[in-house]
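Breakdown of the fold
Chain residues, written in single-letter form:
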Amino acid sequence: MSDEDAVDAVVSAWQRERPDLDLTAIGVAGRMGRLALVLGPAQERVFGKFGLQRGEFDVLAALRRSGTPYTLIPSELSATLMMSRAGMTSRLDRLEKAGFVERALDPNDRRSFRIRLTDQGFEAVDAAMTEHTANVSELLSGLSGKELGLLDDVLRKLLDYLEPQA
């Protein structure tokens, strides 16, 4: 493991130019940003093998996690995935066209639709999740189990602080 990385070079340059600033948080945020740039494409490659974009995988995964009968209403999906209903409609259109989900009128509210994971969608999301889990485990294998647990705890605490409370 090298002692310095690209973020250290940026922080050092700023420390030289602005020694009055505490740049610790800049280093942390810079590394989180670089990690997102590395992890995102590595995960997208896995989803692409199954004909999915990340957002589409997220919809299928939310339906799969919901348990039998793998059905949710669009507003539940939007809330779960923290996205607009318009954006959700676009994703659902693509997934329905691909045969991964189907829409049906809600028997309890005929003004609403229910989104159901099809057998094809079930198979796709299960296979994608298996490969996604192996991929992420490999990507993070440079950390010990103890380090992963510590990182998970710290990130949970930071997200709890930063994310708006519902």
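Reference entry: report on the structure contained in this document.

What counts and how
- Along each chain, numbering runs from 1 in the same order as the chain's sequence is written.
- It should be noted that, the model being predicted, local features are given only for residues of pLDDT at least 70 and side-chain atom pairs only at 80 or more, the latter also being counted only at that level, while totals for whole chains, interfaces and linings use all residues.
- Heavy atoms throughout the structure, all of them, feed into the side-chain values; hydrogens and water do not.
- Secondary structure elements are defined from DSSP: runs of H or I of at least 4 residues count as helices, runs of E of at least 2 residues count as strands, and each element is numbered from the N terminus.
- Values of the radius of gyration come from C-alpha atoms, whereas the globule rule sets the reference at 2.2 Å times the count of residues to the power 0.38.
- Three exposure classes are used, based on accessible area relative to the maximum for each residue type with a 1.4 Å probe and protein chains only: buried under 20%, partly exposed in between, and exposed over 50%.
- Angles here are taken between N-to-C directions and fall from 0 to 180 degrees, while the axes themselves are lines fitted to C-alpha atoms, restricted in helices to the stretch in contact.
- Roughly parallel means an angle under 35 degrees; roughly antiparallel, over 145; roughly perpendicular, 65 to 115; everything else is oblique.
- For any helix crossing, the convention is left-handed if the near helix is rotated counterclockwise from the far helix by under a right angle, and right-handed if that rotation is clockwise.
- Should any heavy atoms of two residues lie within 4.5 Å, those residues are counted as being in contact.
- All residues other than Ala, Val, Leu, Ile, Met, Phe, Trp, Tyr, Cys, Pro, Asp, Glu, Lys and Arg, Gly among them, are scored as polar; the first ten of these are nonpolar and the last four charged.
- We call two strands paired when DSSP finds no fewer than two bridges between them.
- Salt bridges are identified by distance alone: a Lys or Arg side-chain nitrogen within 4 Å of an Asp or Glu carboxyl oxygen.

**Considerations on the overall build of the protein chain**
Broken down by element type, the protein chain carries 7 helices and 3 strands. N-terminal to C-terminal, the α/β element order of the protein chain is α-α-α-β-α-α-β-β-α-α. Taken over the C-alpha trace, the protein chain has a radius of gyration of 20 Å; the compact-globule value for 166 residues is 15 Å, which it surpasses by more than 25%. Looking at the protein chain residue by residue over its 166 residues, the buried ones come to 25%.

**Here's the deal with unusual backbone geometry**
Following Thr68, the chain continues to Pro69 via a peptide bond in cis, the omega torsion being 10°. Position of Pro69 relative to the elements: it lies in the loop between helix 3 (54–65) and strand 1 (71–72). A positive phi is found at Tyr70, a non-glycine position, where the angle reads about 60°. Mapped onto the elements, Tyr70 comes out in the loop between helix 3 and strand 1. Positive phi values are uncommon outside glycine, yet Met82 reaches one of about 50°. Here Met82 is to be found in the loop between helix 4 (74–81) and helix 5 (85–97). Here Met82 falls in the exposed class, since its relative accessible area comes to 68%.

**Here we look at the packing of helix 2 (residues 24–49) against helix 6 (residues 119–139)**
Contact geometry of helix 2 with helix 6 gives a least axis separation of 9 Å together with a crossing angle of 155°. Comparing the axis directions of helix 2 and helix 6 gives the class roughly antiparallel. Crossing of helix 2 over helix 6 shows right-handed handedness. Counting all contacts with helix 2, which are made through Leu39, Ala42, Gln43, Val46, Phe47 and Lys49, the residues of helix 6 involved are Ala128, Glu131, His132, Asn135, Val136 and Leu139. Of the residues assigned to the contact of helix 2 with helix 6, the class counts are 7 nonpolar, 3 polar and 2 charged.

**Describing the sheet that holds strand 2 (residues 101–106)**
With antiparallel pairing, the 3 strands of this open sheet are ordered in space as 1-3-2. The sheet is open, and its two borders are formed by strand 1 and strand 2, each paired with just one other strand. Relative to strand 3 (residues 109–117), strand 2 runs antiparallel, the two sharing 6 bridges. Note on strand 3: the bridge partner recorded for Ala104 is Arg114. In the packing of helix 3 onto the sheet, the strands contacted are strand 1, strand 2 and strand 3, and the crossing angle to strand 3 comes to about 95°.

**Side note on the pattern of salt bridges**
Tallying each qualifying case throughout the model produces 12 salt bridges. Linking Arg31 and Asp5 is a salt bridge whose minimum nitrogen-to-oxygen distance equals 2.9 Å. Taken together, the positions of Arg31 in helix 2 and Asp5 in the segment before helix 1 (6–17) put the pair 26 residues apart, joining distant regions of the chain. Since its relative accessible area comes to 31%, Arg31 is described here as partly exposed. Classification of Asp5 by relative accessible area gives partly exposed; the value is 32%. Asp20 is the salt-bridge partner of Arg18, the closest N and O atoms lying 2.7 Å from each other. Salt bridges sharing common partners tie together Asp5, Asp8 and Arg31.

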